[in-house]
Amino acid sequence: MKTLLSLAISALASGAVIAADQNGNSNDKAEQTLVTATRTQQSYAETLASVTVFSREDIEKYQAKSVAELLAKAPGLSIVNNGGRGAQTSVSLRGNQSDHTLFLVDGIRVGSATLGSTSVEYLDPEMIERIEIVRGPKSSLYGSDALGGVVNIITRKGNANRPLIVKAGVGNHDTRDASVNVGHKGENYQASLTASYVYTGGYDFTDDKTAPSDDDDAYRQRAIGFNGSYNPIEAIALGLSYQLNESESEYDRSCFGYTCAPYTESKTEALNVNAAWQLLDTVSTSLSIGSSKDETETLFDDQSFSGGVFNTEKTDLSWQNDIRVHDNVLLTLGYDYLNEEVSGSTAYTEDERDNHAGFAQVQFVQGAVSANLGARNDDNEQFGSHDTYNASVGYDIRADLKVVASYGEAFKAPTFNDLYYPFFGNPNTVPEESDTYELAFKGFGNDYSWAVSAYKNNVKNLIQYNAAIFANDQIATATIKGIDAFFEKEILGWDVNTSLTLLDTQDDTTGNGLARKPEQTINIDIDRSFDQWSVGASIYGASSRYNEAANSTKLNGYGTVALRGAYKLDQEWKLQLKVDNLFEKEYVTAVGSLGDYRTPGLELLFSVVYTPAI
């Protein structure tokens with residue numbers, strides 16, 4: 001059994017709740033490690049949560065251009081895009097609202113405290129080492145926002161075998177991108193520095209042809225990130241990570257009855273400093289202090305006036321203690337502090353709030369039976385005290401097959417917009433709450449893994465936009481039922497990865513389905529390597545959905561096909577080609593003030609990768 005020191009060092013290498021072993025990967029799915037599900041390191045075979053992990057190898061294999069593209073491959077997730085690259089993107093996890101998923105970057109909460117959601121469209125996969133997705137409520141560990149689950153983005157780390165990686169690509173829509181990663185890994189340290197640049201001339205995101213919206217909507221992005229860790233002595237682990245992203249995205253919209261073509265300047269930052277100390281053989285403690293910023297300004301045409309400045313800053317502090325009270329029992333006790341501040345051109349009645357939280361978790365294993373029990377209290381100066389609980393029990397039917405039954409509670413604190421935005425917010429808005437029941441079967445072996453999960457989520461005080469009043473309202477209850485499944489295996493030399501989601505959402509007052517939630521989605525990836533060649537394809541399908549809460553506008557289902565290939569010229573040079581939406585399928589995932597948001601059609605990206613031999 002691994003010592004608590006290895007648990008703490010693995011977690012602290014990239015933040016207080018970040019995963020991984022040497023590079024976070026394993027050839028055996030059952031032995032693949034993650035941290036997000038319990039805030040302690042465990043293997044895929046041990047975890048009782050429904051999880052998906054995308055490694056650096058997956059990101060490179062799929063030639064992913066966006067985080068949303070990766071997330072859409074996981075069961076239980078659906079994506080809504082208001083246009084092409086850089087356009088506003090919403091992520092729904094198990095039929096929940098886009099702000100019901102907690103996003104972490106190296107253990108630090110990110111996202112807007114005014115909107116409540118995270119701008120995943122501004123996250124560049126070239127900056128990422130791995131992504132851990134936990135489906136299901138996790139408020140008993142993380143507090144507010146984790147109704148649907150948690151997406152933990154771990155930034156790129158030093159690799160002893162690849163100290164320098166340079167990549168450059170060109171594509172249609174006048175697309176150009178480039179990235180460079182410099183890293184090193186020693187016996188007791190690792191460091192990685194990554195920089196990336198993206199530009200695309202884009203296309204016209206909307207059907208409206210009225211000037212000035214009849215133009216192509218371009219996108220520009222610049223990002224830099226650092227991730228480092230150091231073990232000065234065996235009992236101590238230190239870590240530091242920093243991410244900076246600046247972007248400009250153009251789009252079209254209706255401005256007080258007139259057509260306009262604004263663009264948004266965005267800046268996001270995430271800083272995390274952390275340390276872990278092995279106090280005793282059975283006791284370790286860790287401390288993480290971090291900060292994230294989300295700053296946006298909307299400008300119009302020639303910058304003659306600003307459409308609004310919204311700045312968010314979150315300060316995180318987390319103190320966690322792991323105690324091995326018995327060979328089969330791990331107790332975790334912790335304290336979290338969160339401060340949120342908003343500023344900008346809009347005056348809010350309240351512009352700052354603090355949240356103090358204490359949490360406890362017990363993980364227990366006895367023979368074929370494993371259990372996880374957790375509880376947390378959040379004390380927020382705006383909405384008061386809130387308790388959440390979870391309980392999961394697993395049983396190993398045999399060595400490669402597990403059944404898990406779970407119950408979890410979660411809540412979502414109202415955003416500053418929900419409460420205080422002029423002529424929109426309501427200070428009487430209360431937190432959204434949910435309770436979820438889940439039954440899952442998981443199978444795994446040396447060359448395969450699969451899982452099937454059935455769940456029912458009851459949401460109270462659900463906040464959603466009501467077009468009839470041009471503002472948010474709260475409905476009494478909503479019911480979300482679903483099944484998500486995946487299967488991974490090598491078949492006749494091909495790596496096959498599939499995911500399936502079946503979803504039924506309902507506003508219990510009106511009987512309508514929740515907006516923009518497809519009832520079925522499916523994703524199939526097949527990949528194979530032939531000496532110097534590698535090829536792959538992706539098939540994605542989604543059923544129809546309604547655009548708004550009233551269910552008056554139905555959006556048709558669709559399917560797309562993508563192809564990818566790579567060729568190694570030698571040990572240092574590699575060529576890549578990615579073709580998205582091969583058959584130029586026209587489809588719509590959202591309708592705005594100027595009509596349908598158009599999709600990009602066929603997209604091509606040709607890249608050259610240089611990795612010098614060491």
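Residues numbered from 1 in each chain as written. Predicted model: local features only at pLDDT ≥ 70, side-chain atom pairs only at ≥ 80, totals over all residues. Heavy atoms only, no water.

### Some details on the overall build of the protein
No. 1: Looking only at helices and strands, the protein features 5 helices and 37 strands.
No. 2: Taking 2.2 N^0.38 as the reference for a compact globule, 614 residues should give roughly 25 Å; the C-alpha atoms of the protein span a radius of gyration of 23 Å, in line with that estimate.
No. 3: Oriented by its inertia axes, the alpha-carbon framework of the protein measures out at about 70 × 60 × 45 Å.
No. 4: Looking at the protein residue by residue over its 614 residues, the buried ones come to 55%. (Helix = DSSP H or I, 4+ residues; strand = E, 2+ residues; numbered from the N terminus. Rg over C-alpha atoms; globule rule 2.2 N^0.38 Å. Buried < 20%, exposed > 50% of the residue type's maximum accessible area, 1.4 Å probe, protein only.)

### Topic: the nonpolar core
No. 1: Leu71, Phe103, Ile131 and Ile133 are the most contacted members of the largest nonpolar core, which totals 28 residues.
No. 2: When contributions to this core are tallied by element, the ones reaching two or more residues are helix H2 (56-62), helix H3 (67-71), strand S4 (77-81), strand S5 (89-93), strand S6 (101-105), strand S8 (128-135), strand S9 (149-155) and strand S30 (533-542).
No. 3: When sequence neighbours within four positions are dropped, the list of residues in contact with Ile133 reads Ser50, Val51, Thr52, Phe54, Leu71, Ala74, Leu77, Val150 and Val151. (Core = buried A, V, L, I, M, F, W, Y, C linked by side-chain atoms within 4.5 Å. Contact = heavy atoms within 4.5 Å.)

### Details of the side chain of Gln243
No. 1: In this structure, Gln243 sits in strand S14 (residues 236-250).
No. 2: What makes Gln243 buried here is its relative accessible area of 13%.
No. 3: Those residues in contact with Gln243 that sit more than four places away from it in its chain are Val105, Met127, Thr155, Ile224, Gly225, Phe226, Thr268, Glu269 and Ala270.

### Remarks on the confidence of the model for the protein
No. 1: Residues with a pLDDT of 70 or more make up 93% of the protein, whose mean pLDDT is 91.
No. 2: Long-range and interchain partners of residues 1-25, a stretch whose pLDDT sits below 50, account for 87 contacts in this model, where long-range means more than four residues apart. (pLDDT = per-residue confidence, 0-100.)

### Notes on the packing of aromatic side chains
No. 1: Throughout the structure, instances matching the rule amount to 15 aromatic pairs.
No. 2: With a centroid separation of 5.0 Å and 65° between ring planes, the pair formed by Tyr203 and Phe205 is classed as edge-to-face. Pair check on accessibility: Tyr203 and Phe205 agree, each one buried.
No. 3: Taken together, a centroid distance of 6.5 Å and an interplanar angle of 80° make the contact between Tyr348 and Phe416 edge-to-face. In this pair, Tyr348 sits in the loop between strand S20 (329-344) and strand S21 (352-366) while Phe416 sits in helix H5 (residues 416-420), placing the two residues 68 residues apart along the sequence.
No. 4: For Tyr348, a relative accessible area of 11% puts it in the buried group.
No. 5: One aromatic cluster in this structure is built from Phe310, Tyr348, Phe416, Tyr420, Tyr421 and Phe424.
No. 6: Against the face of Tyr62 rests Lys73, its NZ or CZ located 4.5 Å from the ring centre.
No. 7: In this arrangement the basic side chain of Lys442 is found over the ring face of Tyr44, its NZ or CZ atom lying 4.4 Å from the centre. (Phe/Tyr/Trp six-rings, centres within 6.5 Å; stacked < 30°, edge-to-face > 60°. Lys NZ or Arg CZ within 6 Å of the ring centre and 35° of its normal.)

### Structural notes on the pattern of salt bridges
Side chains bearing opposite charge may pair, as long as their charged atoms lie close to each other.
No. 1: The tally for this structure, following the rule as stated, stands at 34 salt bridges.
No. 2: Here Asp336 ties to Arg39 by a salt bridge, and the two come within 3.1 Å at their closest N and O atoms. Here the residue Asp336 occupies a position in strand S20, and Arg39 occupies one in the loop between strand S1 (33-34) and strand S2 (42-43), the gap between them amounting to 297 residues. Accessibility assignment for this pair places Asp336 and Arg39 in one class, buried.
No. 3: Between Lys460 and Glu433 there is a salt bridge, and its shortest N-O distance comes to 3.5 Å. Placement of Lys460 in strand S26 (residues 448-466) and of Glu433 in strand S25 (residues 432-444) is noted, with a sequence separation of 27 residues between them.
No. 4: For Lys460, a relative accessible area of 39% corresponds to the partly exposed category.
No. 5: With a relative accessible area of 23%, Glu433 lands in the partly exposed category.
No. 6: Linked by salt bridges that have partners in common, Arg56, Glu60, Glu126, Arg156, Arg162 and Lys167 make up one network. (Salt bridge = Lys/Arg side-chain N within 4 Å of Asp/Glu carboxyl O.)

### Some remarks on the sheet that holds strand S3 (residues 50-54)
No. 1: Taken together, 5 strands build an open sheet; the order of strands is S3-S8-S9-S6-S7 and the sheet is mixed. Pairing within the sheet leaves two strands with one partner each, and these edge strands are S3 and strand S7 (108-109).
No. 2: Looking at chain direction, S6 and S7 are connected through 2 bridges and run antiparallel. Within S7, the residue paired with Val105 across the bridge is Ile108. (Pairing = 2+ DSSP bridges.)

### Some points on the environment of Asp322
No. 1: Relative to the elements of secondary structure, Asp322 occurs in strand S19 (residues 306-326).
No. 2: A relative accessible area of 8% places Asp322 in the buried class.
No. 3: In sequence terms Asp322 and Gly557 are 235 residues apart; their C-alpha atoms lie 47 Å from each other.
No. 4: Among the polar contacts listed, one links the side chain of Asp322 to the side chain of Thr332, at a separation of 2.8 Å. (Polar contact = N/O pair within 3.5 Å; in protein donor to acceptor, adjacent residues only side chain to side chain.)

### Quick look at a negative patch on the surface
No. 1: On the surface, Glu313, Glu341, Glu350, Asp351, Glu352 and Glu381 cluster together to form a negatively charged patch.
No. 2: In this fold, Asp351 is placed in the loop between S20 and S21. (Patch = residues over 30% accessible without salt bridge, like charges linked within 9 Å, V, L, I, M, F, W, Y side chains within 5 Å. Areas by Shrake-Rupley, 256 points an atom, 1.4 Å probe, with all protein chains shown as cover. Lys, Arg positive; Asp, Glu negative; His and termini not counted. Charge placed at Lys NZ, Arg CZ, Asp CG, Glu CD.)

### Observations concerning the side chain of Ser370
No. 1: Considering the arrangement of structural elements, one finds Ser370 in strand S22 (residues 369-380).
No. 2: In this view, Ser370 contacts Leu48, Phe364, Val365, Ser392, Val393, Gly394 and Lys402; residues no more than four positions away in its chain are not counted.

### Here we look at unusual backbone geometry
No. 1: Positioned with a positive phi, Arg39 is a non-glycine residue whose angle comes to about 65°.
No. 2: For Arg39, a relative accessible area of 3% gives the class buried.
No. 3: A positive phi angle, close to 50°, is found at Asp106, a residue other than glycine.
No. 4: Checked against the element boundaries, Asp106 lands in the loop between S6 and S7.

### Comments concerning the pairing of S25
No. 1: Looking at chain direction, strand S24 (residues 401-412) and S25 are connected through 12 bridges and run antiparallel. Across the sheet, the residue bridging to Val403 is Phe441, located in S25.
No. 2: Following S25, the chain reverses through 3 residues before pairing antiparallel with S26.

### What about the pairing of strand S27 (residues 471-491)?
No. 1: Pairing of S26 with S27 involves 18 bridges; the strand directions are antiparallel. Each bridged residue has a counterpart across the sheet, and for Ala451 the counterpart in S27 is Phe486.
No. 2: Taken together, the 14 bridges between S27 and strand S28 (residues 494-507) define a ladder with antiparallel strand orientation. Of the residues in S28, the one forming a bridge with Lys489 is Val496.
No. 3: The hairpin turn running from S27 into S28, its antiparallel successor, is 2 residues long, and Leu492 in that turn takes a positive phi close to 55°.

### Quick notes on a nonpolar patch on the surface
No. 1: Taken together, the side chains of Val166, Val180, Val182, Leu193, Ile224, Phe226, Leu240, Leu271 and Val273 make up a nonpolar region of the molecular surface, amounting to roughly 640 Å² of accessible area.
No. 2: Sorting the residues of the nonpolar patch by element identifies strand S11 (175-185), strand S13 (217-233) and strand S17 (262-280) as the ones contributing at least two each.

### Some points on the environment of Thr114
No. 1: Summarising the element assignment, Thr114 is placed in the loop between S7 and S8.
No. 2: Classification of Thr114 as buried rests on a relative accessible area of 4%.
No. 3: Not counting chain neighbours up to four residues away, the residues in contact with Thr114 comprise Thr312, Val342, Tyr348, Thr415, Phe416 and Asn417.
No. 4: Side chain to side chain, Thr114 and Ser112 meet in a polar contact 2.7 Å long.

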